[in-house]
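Each chain, letter by letter, is given below.
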Amino acid sequence: MDLWERARAFAGEAAKRSQELSAEAAKRSSALVSETAKKSKEIFSETASKSREIAAEATKQADLLAGQIKHLASDIPVPSIPPIPAIPPIPTAAAPEPDAAELERYGITDDFREFVKGMTISTFRDFPLQDEPEMSDVPTVSNVRQDLNEWQAKHATLVLSSVKEISKFRYELCPRYMKERKFWRVYFLLVNSYIAPFEKKYFEELKLKAEEEKKDSQKEASESQASQATPAEPKDAKAPSKTSTNPEHDLDVFLLGDLGSDDEGPDVGDDGLDDDFDKIDATSGLESDDDDKRPAAGKADDAK
């Protein structure tokens, strides 16, 4: 019984001591918090004051530096800068629009455009045409399959650039819903009744042009063969030479005439030749044989 009382007293003492320690801890914690708050407030106040002082000093220094820069700038002469001329915009290179004659030649007419406007994506996607195996060796140039003929390839190129409906359908369908080759097969089946006459006319013109070129080439070949078969005219072997490098030969020709032309020229007698001799005697400073004989004969007579 005594032990029980002592344990009870000890428990009560421990509880009392615990309450006292808790109260003391709470008191000290409150004092510490209050002190910490006070210190924080003082530190914050001091920091704000220092910040204001630093900002004021920085503003003062900036104003002073700006004044010095302004003063220095006023002393430096500023060169006059000529106004920069406005640069004209560079024109962008745009693809030339095909003319109406070319569009009509390849079947893109008003009736064709009206028919195309009634098409939809379902017109192509639901068209009853089975897919064929893709030919990988067929190239694609300008969004047009090269397994088309010449006229169809040009028509497809013009359609993509001038008819926005077909260009839109091809962009949305290929290659997500169908292959390029199937798209153009469906397209040409749909518009065949509108473009078939123009395609036929195009190839007929090409055929006529090829025949005309063939005829012209055959004509040129025959004319060339005829010109090669014609013999060249023989040159006159008796034609006299008009130039001579021998001065003595020239003198003989002048005195006696061109011997090579005697057979061809008319007979004019010897009068011309005699006249030439008379002229030579008249102009020459030499005496003839007759003149030499006459003085000799005279001397002989005188001697007699």
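See above for the structure.
No experiment lies behind these values; they were computed from the predicted model shown.

The rules behind the values
Residues numbered from 1 in each chain as written. Predicted model: local features only at pLDDT ≥ 70, side-chain atom pairs only at ≥ 80, totals over all residues. Heavy atoms only, no water. Helix = DSSP H or I, 4+ residues; strand = E, 2+ residues; numbered from the N terminus. Buried < 20%, exposed > 50% of the residue type's maximum accessible area, 1.4 Å probe, protein only. Areas by Shrake-Rupley, 256 points an atom, 1.4 Å probe, with all protein chains shown as cover. Phe/Tyr/Trp six-rings, centres within 6.5 Å; stacked < 30°, edge-to-face > 60°. Lys NZ or Arg CZ within 6 Å of the ring centre and 35° of its normal. Patch = residues over 30% accessible without salt bridge, like charges linked within 9 Å, V, L, I, M, F, W, Y side chains within 5 Å. Salt bridge = Lys/Arg side-chain N within 4 Å of Asp/Glu carboxyl O. Lys, Arg positive; Asp, Glu negative; His and termini not counted. Charge placed at Lys NZ, Arg CZ, Asp CG, Glu CD. Expected span 1.5 Å × (residues − 1). Polar contact = N/O pair within 3.5 Å; in protein donor to acceptor, adjacent residues only side chain to side chain. Axes fitted to C-alpha atoms, helices over the stretch in contact; angles between N-to-C directions. Parallel < 35°, antiparallel > 145°, perpendicular 65-115°, else oblique. Contact = heavy atoms within 4.5 Å.

Visitor: Requested: an account of the overall build of the protein, with residues and values cited.
Guide: When its secondary structure is counted, the protein shows eleven helices and two strands. Helices and strands appear in the protein in the N-to-C order α-α-α-α-β-β-α-α-α-α-α-α-α. Among the 304 residues that make up the protein, the fraction classed as buried is 14%. Total accessible area on the protein stands at roughly 25,500 Å², and carbon and sulfur atoms take up 56% of it.

Visitor: Can you tell me about the packing of aromatic side chains, naming the residues and giving the values?
Guide: Pairs of aromatic rings are described using the distance from one ring centre to the other and the angle between the two planes. Summed over the entire model, instances satisfying the criterion amount to ten aromatic pairs. Between the aromatic rings of F183 and W184, the centroid separation amounts to 5.1 Å while the plane-to-plane angle is 80°, which identifies the pairing as edge-to-face. For the residue pair F183 and W184, the accessibility class agrees, reading buried in each case. Positioned over the ring face of Y177 is R125, at 5.1 Å from the centre of the ring.

Visitor: Tell me about a negative patch on the surface, residues and numbers included.
Guide: Taken together, the side chains of E211, E212, E213, D216, E220 and E223 make up a negatively charged region of the molecular surface. Relative to the helices and strands, D216 resides in helix α8 (residues 192-229).

Visitor: If you had to explain helix α5 (residues 150-162) to someone new, which residues and values would you point to?
Guide: For α5, with 13 residues, the first-to-last C-alpha span of 19 Å sits near the 18 Å given by 1.5 Å per residue. For α5, the set of buried residues is W151, Q152, A153, H155, A156, L158, V159 and L160. Among the residues of α5, the N-terminal cap falls to N149, whose side-chain oxygen and the backbone nitrogen of W151 are separated by 3.2 Å.

Visitor: Can you break down the packing of α5 against helix α7 (residues 180-190) residue by residue, with the values?
Guide: It is the contact of α5 with α7, at a shortest axis distance of 12 Å, that shows an interaxial angle of 95°. Taken together, the axes of α5 and α7 are roughly perpendicular relative to one another. Residues Q152, H155, A156, V159 and L160 of α5 lie in contact with α7, whose contacting residues are W184, Y187 and F188.

Visitor: Got a sec to walk through the pattern of salt bridges? Specific residues and values, please.
Guide: All told, the structure shown has five salt bridges when counted by the stated rule. In this structure, R17 and E20 form a salt bridge, with 3.4 Å as the shortest nitrogen-oxygen distance. With R17 and E20 both in helix α1 (residues 2-75), this residue pair falls three residues apart, about one helical turn. Between R170 and E180 there is a salt bridge; the shortest N-O distance is 3.0 Å. Of the two residues, R170 is situated in helix α6 (residues 164-173) and E180 in helix α7; the sequence distance between them amounts to ten residues. We classify R170 as buried; its relative accessible area is 15%.

Visitor: Before we move on, can you summarise the packing of α5 against α6 with the specific residues and values?
Guide: Remark: α5 packs on α6, axes separated minimally by 5 Å, with the N-to-C direction vectors making an angle of 100°. Between α5 and α6, the angle is such that the two are roughly perpendicular. Counted together, V159, L160 and S162 of α5 and K164, I166, S167 and R170 of α6 form the full contact between these two elements.

Visitor: Give me the lowdown on the side chain of E199, citing residues and values where you can.
Guide: Position of E199 among the secondary structure elements: in helix α8. Nearest to the buried, unbridged E199 among oppositely charged side chains is K200, at 11 Å. Engagement of the side chain of E199 in a polar contact is seen with the side chain of N149, the distance being 3.0 Å. Contact partners of E199, with chain neighbours within four places excluded, come to N149, W151 and Q152.

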